[in-house]
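Read off the chains here:
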Amino acid sequence: MSDMIKMIVLDVDGTLTNGQITFVNINGVISEIKSFNVKDGMGMAEWIKSGGIVSIISGRNCDIVKHRAKEIGIQEIHLGVEDKLACLKEICKKHKLLADNVACIGDDINDINMYAFCRYSFAPSNASKINKTRASFVTHAKGGDGAVREMIDILSHIKD
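As the structure is a computational prediction, the values presented were derived from the model and not from experiment.

Colleague: Can you tell me about the overall build of the protein chain, naming the residues and giving the values?
Modeller: On a plain count of helices and strands, the protein chain comes out with six helices and eight strands. In the protein chain, the succession of α and β elements from N to C terminus is β-β-β-α-β-α-β-α-β-α-β-α-β-α. The C-alpha radius of gyration of the protein chain comes to 15 Å, within 12% of the 15 Å expected for a compact globule of 160 residues. By principal-axis analysis of the C-alpha atoms, the protein chain measures approximately 55 × 30 × 30 Å. In the protein chain, which comprises 160 residues, the proportion classed as buried is 48%. Long-range pairs, those at least 24 residues apart, make up 55% of the contacts in the protein chain with a sequence separation of at least 6. In the form shown here, the protein chain has an accessible surface area of approximately 8,200 Å², with 52% of it arising from carbon and sulfur atoms. Side chains of the protein chain carry 20 positive and 20 negative charges; the gap between the two charge centres is 2 Å.

Here you go:
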């Protein structure tokens, strides 16, 4: 964990996943399918184990995300959020963190307002063009293919 960065903030669709949303109909019940990268999961678990905070802020509400987050030990899970920056500011207030203590990753325009707030911002290699232009770092990995782990690895080597 970086000396200065205490919390990482993650978007879900397109960041923790490849951005595809798959629906299946099983006996008349519509269910959603998502795939998560195990390297991202290990990186998040290690971040938490080293004393860091992981926050998920997503515009969509999905029980699968809650399940995966709890499996890893993430306690800040905010789904169905319209204003991600307002949510992020509340989380920072709760944990007594400054913007300088926070890094975020997101792949689309609804994540950009967090970019300007956080000390470091990351965009997966397959993020929208505007995100890649405005991010502090663009990962080599795509969303859902290790971008979050790459972010964590970069942060662990930054000497603040």
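Colleague: Which residues make up the nonpolar core, and what values do they have?
Modeller: The biggest cluster of nonpolar side chains holds 26 residues, and the ones touching the most others in it are Ile8, Leu10, Met44, Ile56, Ala103, Met151 and Leu155. Of all the secondary-structure elements, those providing two or more residues to this core are β1 (7-10), α1 (38-49), β4 (53-57), α2 (63-72), β6 (102-105), β7 (120-123) and α6 (147-157). Broken down by element, the residue count for this core peaks at five residues, all from α6. Counting 18 residues, the second largest nonpolar core, distinct from the first, contains Val9, Ile53, Ile91 and Leu97.

Colleague: Talk me through empty space enclosed by the protein; I want residue IDs and the actual numbers.
Modeller: On inspection of all chains with the given rule, the structure shows one cavity of 30 Å³ or more. For the largest cavity, the calculated volume is near 40 Å³. Forming the walls of the largest cavity are Leu16, Phe36, Met44, Ile56, Val65, Arg68, Ala69, Ile72 and Ile74. In terms of residue class, the lining of the largest cavity is built from eight nonpolar, no polar and one charged.

Colleague: Now, about the pattern of salt bridges: what can you tell me, with residues and values included?
Modeller: Applying the stated criterion across every chain yields a total of twelve salt bridges. With its nearest N and O atoms 3.8 Å apart, the salt bridge here joins Asp13 to Arg60. With a gap of 47 residues between them, Asp13 in the loop between β1 and β2 (22-26) and Arg60 in the loop between β4 and α2 connect regions that are remote in the sequence. Assessed through its relative accessible area of 14%, Asp13 is described here as buried. Since its relative accessible area comes to 28%, Arg60 is described here as partly exposed. Arg68 is the salt-bridge partner of Glu71, the closest N and O atoms lying 2.6 Å from each other.

Colleague: Would you mind going over a nonpolar patch on the surface in detail, with residue names and values included?
Modeller: On the surface, Ile21, Phe23 and Ile30 cluster together to form a nonpolar patch covering roughly 300 Å² of accessible area. Looking at the element boundaries, Phe23 is found in strand β2. Phe23 sits in the partly exposed class, given a relative accessible area of 49%.

Colleague: Account for unusual backbone geometry, naming residues and giving values.
Modeller: Here the phi dihedral of Asn27 falls at roughly 55°; this positive angle occurs in a residue that is not glycine. Mapped onto the secondary structure, Asn27 falls in the loop between β2 and β3 (29-33). A positive phi angle is found at Lys96, which is not glycine, with a value near 55°. The topology assignment puts Lys96 in the loop between α3 (84-95) and β6. Among the residues examined, Lys96 registers a relative accessible area of 75% and is labelled exposed.

Reading guide: rules and limits
Think of each chain on its own: its residues are numbered from 1, step by step along the sequence as written. It should be noted that, the model being predicted, local features are given only for residues of pLDDT at least 70 and side-chain atom pairs only at 80 or more, the latter also being counted only at that level, while totals for whole chains, interfaces and linings use all residues. Values reported for side chains reflect all heavy atoms of the structure, with hydrogen atoms and water molecules removed beforehand. Numbering of helices and strands starts at the N terminus; helices are DSSP runs of H or I of at least 4 residues and strands are runs of E of at least 2. Atoms counted for the radius of gyration: C-alpha only. Globule rule: 2.2 Å times the number of residues to the power 0.38. Burial classes follow relative accessibility: with a 1.4 Å probe on protein chains only, a residue under 20% of its type's maximum area counts as buried, one over 50% as exposed, and anything between as partly exposed. Whether two residues are in contact is decided by their heavy atoms: any pair within 4.5 Å suffices. For accessible areas, the Shrake-Rupley method is used with a probe of radius 1.4 Å. Any residue's cover is judged against the shown protein chains and nothing else. A positive count includes Lys and Arg, and a negative count includes Asp and Glu. His and the chain ends are not counted in either. Lysine's charge is taken at NZ, arginine's at CZ, aspartate's at CG and glutamate's at CD. The term nonpolar core refers to a set of buried residues drawn from Ala, Val, Leu, Ile, Met, Phe, Trp, Tyr and Cys, joined through side-chain atoms within 4.5 Å. Cavity and pocket criteria rest on a 1 Å grid covering protein atoms alone: a 1.4 Å probe that fits but cannot get out defines a cavity, protein on both sides within 12 Å along at least 5 of 7 lines defines an open pocket, and an atom within 4 Å of a point defines a lining residue. Grid points are joined across faces, edges and corners, and a volume is the space filled by probe spheres set on the points. Under the scheme applied, nonpolar residues are Ala, Val, Leu, Ile, Met, Phe, Trp, Tyr, Cys and Pro; charged residues are Asp, Glu, Lys and Arg; polar residues are all the others, including Gly. In what follows, salt bridge is the name for a side-chain nitrogen of Lys or Arg lying within 4 Å of a carboxyl oxygen of Asp or Glu. Residues enter a patch when their relative accessible area is above 30% and they make no salt bridge; the linking distance is 9 Å between like charges and 5 Å between nonpolar side chains (Val, Leu, Ile, Met, Phe, Trp, Tyr).

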